[in-house]
Amino acid sequence: MAEAVRLDVSAEAGEFVREQGGRLWVWTAYPKMCCGGAPAYMHAATAAPPGLSGFSPVLSAGLEVWFRAPPGWRPDVLEIGLRGRRHPRVEAYWDGCAFVL
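Residues numbered from 1 in each chain as written. Predicted model: local features only at pLDDT ≥ 70, side-chain atom pairs only at ≥ 80, totals over all residues. Heavy atoms only, no water.

**Describing the sheet that holds strand β2 (residues 23-29)**
Inference 1: As summarised here, the arrangement of the four strands in space is β3-β2-β5-β4, forming an open sheet in which the pairing is mixed. Each edge of the open sheet is held by one strand with a lone partner, namely β3 (41-45) and β4 (56-58). For this sheet the average axis-to-axis angle between neighbouring strands, irrespective of direction, equals 30°. (Pairing = 2+ DSSP bridges. Helix = DSSP H or I, 4+ residues; strand = E, 2+ residues; numbered from the N terminus. Axes fitted to C-alpha atoms, helices over the stretch in contact; angles between N-to-C directions.)

**Quick notes on the sheet that holds strand β7 (residues 89-94)**
Inference 1: The three strands are arranged β1-β6-β7 in an open sheet whose pairing can be described as mixed. Whereas interior strands pair on both sides, the edge strands pair on one side only; in this sheet they are β1 (6-9) and β7. Averaged over all adjacent pairs, the angle separating strand axes in this sheet is 20°, with direction ignored.
Inference 2: Pairing of β1 with strand β6 (residues 77-83), which is carried by four bridges, proceeds in the parallel orientation. Bridging from a neighbouring strand, arginine 6 pairs with valine 77 of β6.

**Some words on the packing of aromatic side chains**
Inference 1: Tallying each qualifying case throughout the model produces two aromatic pairs.
Inference 2: For the pair tryptophan 27 and phenylalanine 55, a centre-to-centre distance of 6.5 Å together with 80° between the ring planes defines the contact as edge-to-face. A residue pair is termed long-range when its members are at least 10 positions apart, and tryptophan 27 in strand β2 and phenylalanine 55 in the loop between β3 and β4 qualify at 28 residues. Residues tryptophan 27 and phenylalanine 55 agree in their burial class; the two are buried. (Phe/Tyr/Trp six-rings, centres within 6.5 Å; stacked < 30°, edge-to-face > 60°. Buried < 20%, exposed > 50% of the residue type's maximum accessible area, 1.4 Å probe, protein only.)

**A look at the side chain of glutamate 91**
Inference 1: Along the chain, glutamate 91 turns up in strand β7.
Inference 2: On the accessibility criterion, glutamate 91 (18% relative accessible area) is buried.
Inference 3: A distance of 2.6 Å separates polar atoms of two side chains, one belonging to glutamate 91 and the other to tyrosine 93.
Inference 4: Apart from the residues lying within four places of it in its own chain, the contact partners of glutamate 91 are Ala44, Glu79, Ile80, Gly81 and Arg83. (Polar contact = N/O pair within 3.5 Å; in protein donor to acceptor, adjacent residues only side chain to side chain. Contact = heavy atoms within 4.5 Å.)

**Quick word on the confidence of the model for the chain**
Inference 1: Predicted confidence across the chain gives a mean pLDDT of 86, with 89% of residues reaching 70 or more.
Inference 2: No element of the chain has a lower mean pLDDT than β4, which averages 90, and none a higher one than helix α1 (residues 11-19), which averages 95. (pLDDT = per-residue confidence, 0-100.)

**Brief notes about the pattern of salt bridges**
Inference 1: For the structure on display, the rule yields four salt bridges.
Inference 2: A salt bridge links glutamate 64 to arginine 23; the nearest nitrogen and oxygen atoms lie 3.2 Å apart. With glutamate 64 in strand β5 (residues 64-68) and arginine 23 in strand β2, the pair connects residues that are 41 residues apart, well separated along the chain.
Inference 3: You can call glutamate 64 partly exposed: its relative accessible area is 31%.
Inference 4: Several salt bridges converge on common partners, so that one network encompasses Arg83, Arg89 and Glu91. (Salt bridge = Lys/Arg side-chain N within 4 Å of Asp/Glu carboxyl O.)

The following block contains the structure:
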């Protein structure tokens, strides 16, 4: 997985993650709903998500990024950005989208 995904981290997101310890976990998850067919949405956090395993490292300059993609899927570009001024949070994008296509 390390060479298979290109990582694009904004300067603001990189600085935020480094301030939080330098580690970032990125994963996909389907929303909890009664019907199928919804896309899997991207999630990102500076702390390991409880109850999830199977993360693989993604090469990054200055950050430790762990990524968990759905089996058989991978983005060409995994983008990391920062959102929010009062309560900033990292967000991940799969080839520019907030969900898996």
